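Coordinates in review
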Amino acid sequence: MASVLVVEDDQFVRSALIRHLTDASHTVRSVGTALEALREVAHFRFDVVVLDLGLPDLDGSEALKMLRGITDVPVIIATARDDETEIVRLLNAGADDYLTKPFSVEHLSARMAAVLRRSRSRSGAGDAPPSSVLRVGGLTVDPLRRQAELDGARLDLTRREFDLLAFLAGRPGVVVPRRELLAEVWQQSYGDDQTIDVHLSWLRRKLGETAARPRYLHTLRGVGVKLEPPAAPPAGEPPR
């Protein structure tokens, strides 16, 4: 059973989703506008949000960005837009999955189950043993507590940024192919390289580096990405 927020302005669709999710033993709250959705996630804890894009007060893609500013709750986009560029943009903006309207309630149930499995796996739910703290140079990553520090300072990472960093930190010095990153971090068998590049750019910024002057994150064009400790500066030269 999960706690679900349905954000849908079409009363007919909204009622059908509420009825189906309630019959499946989920706890459901529903709203019809983006601003109401923001108020809901600010006051209640949800396991997943089903977000329509065609909202009356604010486009759902903008609502997604605002949601990501205050919560890491998994978001499934419900959209009539089937353009691949738009879908990639939404995934880059923080969506966990999407459904193209019209969709069946069975399809929604399957997508919800997959998103919830991934979310619970990332949060360490279940009987999995405690994860070891990962250390790469001055970088410390604790997968169990989902905390990361750089030279003793706490890093403020989004859920996806943390997942990417933890996955690479568990394989220091190993070049990880982009296809593997998509499969293991994004749980997708396909996708645009832009999805990875955007998150790497955000992560580099928080690690205090750039693609032109990398310290921890190194991209090998056409091959993949690796994370390794910064090289020691030559004798007599101060660290960068």
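Residues numbered from 1 in each chain as written. Predicted model: local features only at pLDDT ≥ 70, side-chain atom pairs only at ≥ 80, totals over all residues. Heavy atoms only, no water.

Quick notes on the sheet that holds strand 5 (residues 97-100)
Within a sheet, adjacent strands bond to each other through the backbone by hydrogen bonds, running parallel or antiparallel. An order of 2-1-3-4-5 is seen for the five strands of this open sheet, with the pairing classed as parallel. This sheet does not close on itself; its edge strands, each paired only once, are strand 2 (27-31) and strand 5. Ignoring strand direction, the axes of neighbouring strands in this sheet form an average angle of 20°. Where strand 1 (residues 3-7) lies against strand 2, five bridges are found, and the strand directions are parallel. Counted as the bridge partner of Val4 is Val28 from strand 2. (Pairing = 2+ DSSP bridges. Helix = DSSP H or I, 4+ residues; strand = E, 2+ residues; numbered from the N terminus. Axes fitted to C-alpha atoms, helices over the stretch in contact; angles between N-to-C directions.)

Considering the packing of aromatic side chains
Under the definition given, this model contains one aromatic pair. Across the ring face of Phe44, the terminal group of Arg29 is positioned such that the distance to the ring centre comes to 4.0 Å. (Phe/Tyr/Trp six-rings, centres within 6.5 Å; stacked < 30°, edge-to-face > 60°. Lys NZ or Arg CZ within 6 Å of the ring centre and 35° of its normal.)

Here's the deal with the pairing of strand 4 (residues 75-79)
When you tally the buried positions in strand 4, you get five out of five residues, the bulk of the element. Because side chains alternate across strand 4, one face comprises the buried residues Val75, Ile77 and Thr79, and the other comprises Ile76 and Ala78, equally buried. Of the strand pairs in this sheet, strand 3 (residues 48-52) and strand 4 are connected by four bridges, and their pairing is parallel. Looking at strand 4, one finds that Val50 is bridged to Ile76. Once the chain exits strand 3 it traverses helix 3 (residues 60-70) before rejoining the sheet at strand 4, and the crossover so formed is right-handed. (Buried < 20%, exposed > 50% of the residue type's maximum accessible area, 1.4 Å probe, protein only. Right-handed = clockwise from strand over helix to strand, strands pointing away.)

Brief notes about the confidence of the model for the chain
Summarising the model, the chain shows a mean pLDDT of 83, and 88% of its residues fall at 70 or more. Residue range residues 125-131 is modelled with pLDDT below 50. Its contacts to residues more than four positions away, or to other chains, number four contacts. (pLDDT = per-residue confidence, 0-100. Contact = heavy atoms within 4.5 Å.)

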